[in-house]
Amino acid sequence: MASSSAAASSSRLPQSAYNPRRHVGVHAERVSDVSSTEYPGHYPGEDHSWDLAKFRENLKVEVKRLSQRSVEFDLVGVDASIANAFRRIMIAEIPTIATEHVYVWNNTSVIHDEVLAHRIGLVPLNVPPGMFKYRNPNGVPTDQDTIVFKLNVTCEVDKNTSKEKGAPRKLIHEEVLSGDLEWVPQGEQASVFTGDLPPPAPTNKNIVLAKLRPGQEIDMDLHAIKGVGKDHAKWSPVATASYRLHPLVILNPSKPIPPHLAQKFANCFSPGVVQVGKGGRVSIDERNLRKESMSREVLRHKEFEGSVELKRIRDWFIFTVESEGPYAPQDLFPESIRVMREKIANIRHAAEALLADVDGAPGAVAADGDVEMGGV
Amino acid sequence: MSDPTPKIKILQGALEPDLSAATYQIHDESHTLGNALRWMLMKNPKVEFCGYSVPHPSENHIHMRIQMYDNLSSLDALLQALSNLDDLCITIDEAYQKNLGEGQYERWDEQS
């Protein structure tokens, strides 16, 4: 688990975090002020129209923690719709490679063909998806869109074990593991997967796919293709991609916590959030605020009513992304931005064509008959 | 097979001829882009109203309703919003890459 030297993950909050307009209220049984109101025309005399320079100034992106499998980063200064778009893309629209077609030549194990095929499909592969094309649904597989694996395992009694009476029988291939998948290079693939690029294989070699008894055999050919998580979760590159809003605890200076209740008050929060100073003076340690669980325990006690407010910061997203598959965890977020820009470019291209259509034939009926532009 | 579904089309009932109010059907998109684009359109002071919907979960498209002040073209506003959204993506990407390069994060070991 995490080391305690969390120096990089904790720092003091900027003063702007206390701007009440940025706060979502957390109450005993509801939340308040969830939606942003910063749109043009909402506040008289204020300009909230899109301004890239202002956005760039307010934006803060900070990677907090990184391991081989996961990353935690802060995205501050964007609307929920933007943060949510990236989260959704990471889960459902970043492509990966997964087994899609399974050809069973023999399966005498107790696990059914289709159940085993499903399990094999879910095994994450280490193949970089950028190197492959999507398979044409009507075409034949090629070396540019399909990776072939072979799974041929037979369970036998190990002849080398002791022949003594009563000695336990040792079996070979009692378990079929993901590591038993054997890559069969197609076309030019053998010359591509050389050097630094590891040969296609499951990222985890120890996933149990089936169990066998002596004499039982599994013999299959597997075709892995490129896909996205919205078609099937096996193509999702992440185990989880989620965000939460930065917690905030605000003490009311006009109703301080009495010293004899200070420890009880501190115990209502996650460890380290509330500090009890000399003489029972209570203060909030901003460096530990992000660890607050927001259990709302403090709201259950009558004696603390009115002396504390629980909030979250509406535009401060703490992302946690766990990679499962070919991407390094820190590469998933940039990849989601790339996919988002691709989507934008597609629509822009189509909208420009539409604009040319509309401008080109004013008052005409569009080709699909849906727009009636006559009558002027 | 007949014509493939167009990526974007204008639904019946758009205000002619300036398209100052129109509903666009965007094919193969969902809340992911719909909500982000709606937000960016609402950031435009010339937009009187903007909303989106996913009319049916088994139909793979969204509807984007845009109404403009001053008889301006909603299609122009849509294009402007798309371009602004692209700028936003570039800005976030740059900020992320810059911070990642600085390496001011905690590294830790996670067993799989």
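Here the structure is a predicted model, which is why all the values come from computation and not from measurement. (Residues numbered from 1 in each chain as written. Chains lettered and ligands numbered in written order. Predicted model: local features only at pLDDT ≥ 70, side-chain atom pairs only at ≥ 80, totals over all residues. Heavy atoms only, no water.)

**With respect to the overall build of chain A**
For step 1, the next point in the chain: Helix and strand content of chain A: 6 helices and 16 strands.
For step 2, the next point in the chain: Over its C-alpha trace chain A gives a radius of gyration of 29 Å, far above what one expects of a compact globule, namely 21 Å for 376 residues.
For step 3, the next point in the chain: Its C-alpha atoms put chain A at 85 × 80 × 40 Å along the principal axes.
For step 4, the next point in the chain: Burial statistics for chain A: of 376 residues in total, 44% are counted as buried.
For step 5, the next point in the chain: Sequence-distant contacts in chain A: of pairs separated by 6 or more residues, those separated by 24 or more amount to 77%.
For step 6, the next point in the chain: If you sum the accessible surface of chain A, you get close to 19,800 Å²; carbon and sulfur atoms cover 51% of it.
For step 7, the next point in the chain: In chain A, 45 positive and 49 negative side-chain charges are present, and the distance between their average locations comes to 9 Å. (Helix = DSSP H or I, 4+ residues; strand = E, 2+ residues; numbered from the N terminus. Rg over C-alpha atoms; globule rule 2.2 N^0.38 Å. Buried < 20%, exposed > 50% of the residue type's maximum accessible area, 1.4 Å probe, protein only. Contact = heavy atoms within 4.5 Å. Areas by Shrake-Rupley, 256 points an atom, 1.4 Å probe, with all protein chains shown as cover. Lys, Arg positive; Asp, Glu negative; His and termini not counted. Charge placed at Lys NZ, Arg CZ, Asp CG, Glu CD.)

**Examining the sheet that holds strand β5 (residues 96-107) of chain A**
Strand pairing in a sheet takes place through backbone hydrogen bonds and is either antiparallel or parallel in direction.
Residue and element names in this part refer to chain A.
For step 1, the next point in the chain: A sheet is described by the order of its strands in space; here 4 strands give the open sequence β5-β12-β6-β10, paired in antiparallel fashion. A single partner strand is all that each edge strand has here, and the edge strands are β5 and β10 (182-184). Geometrically, the sheet is characterised by an average inter-axis angle of 30° between neighbouring strands, direction not taken into account.
For step 2, the next point in the chain: With 10 bridges connecting them, β5 and strand β12 (residues 217-227) associate as antiparallel partners. Across the sheet, residue V104 finds its bridge partner in β12, namely M220.
For step 3, the next point in the chain: Packed onto the sheet, helix α3 (residues 113-121) meets β5, β6 (147-154) and β12 and runs at close to 150° relative to β5. (Pairing = 2+ DSSP bridges. Axes fitted to C-alpha atoms, helices over the stretch in contact; angles between N-to-C directions.)

**Topic: the environment of H56 of chain B**
Residue and element names in this part refer to chain B.
For step 1, the next point in the chain: Among the structural elements, H56 can be located in the loop between β3 (47-53) and β4 (61-68).
For step 2, the next point in the chain: Residue classification places H56 among the partly exposed residues on the basis of a relative accessible area of 39%.
For step 3, the next point in the chain: Of note is the side chain of H56, whose polar atom sits 2.8 Å from the side chain of S58. (Polar contact = N/O pair within 3.5 Å; in protein donor to acceptor, adjacent residues only side chain to side chain.)

**Topic: the layout of surface pockets**
Residue and element names in this part refer to chain A.
For step 1, the next point in the chain: Approximately 1,000 Å³ is the volume attributed to the largest pocket.
For step 2, the next point in the chain: Around the largest pocket, the lining comprises 39 residues; the ones closest to its centre are E38, G77, V78, D79 and D315.
For step 3, the next point in the chain: Counting residues per element, the lining of the largest pocket draws most heavily on strand β16 (residues 308-323), at 5 residues.
For step 4, the next point in the chain: A per-class count over the lining of the largest pocket returns 15 nonpolar, 11 polar and 13 charged.
For step 5, the next point in the chain: There is about 630 Å³ of room inside the second largest pocket.
For step 6, the next point in the chain: Along the wall of the second largest pocket there are 28 residues; nearest its centre are E93, P95, Y134, V228 and V339. (1 Å grid on protein atoms, 1.4 Å probe; cavity = no way out; pocket = protein on both sides within 12 Å on 5 of 7 lines; lining within 4 Å. Points joined across faces, edges and corners; volume = space filled by probe spheres on them. Nonpolar A, V, L, I, M, F, W, Y, C, P; charged D, E, K, R; others polar.)

**Description of the domain arrangement of chain A**
For step 1, the next point in the chain: The assigned domain composition of chain A is domain 1 (20-34 + 52-93 + 240-321) and domain 2 (96-235).
For step 2, the next point in the chain: Relative placement of domain 1 of chain A and domain 2 of chain A: their C-alpha centres are 45 Å apart. (Domains from an automatic or database assignment.)

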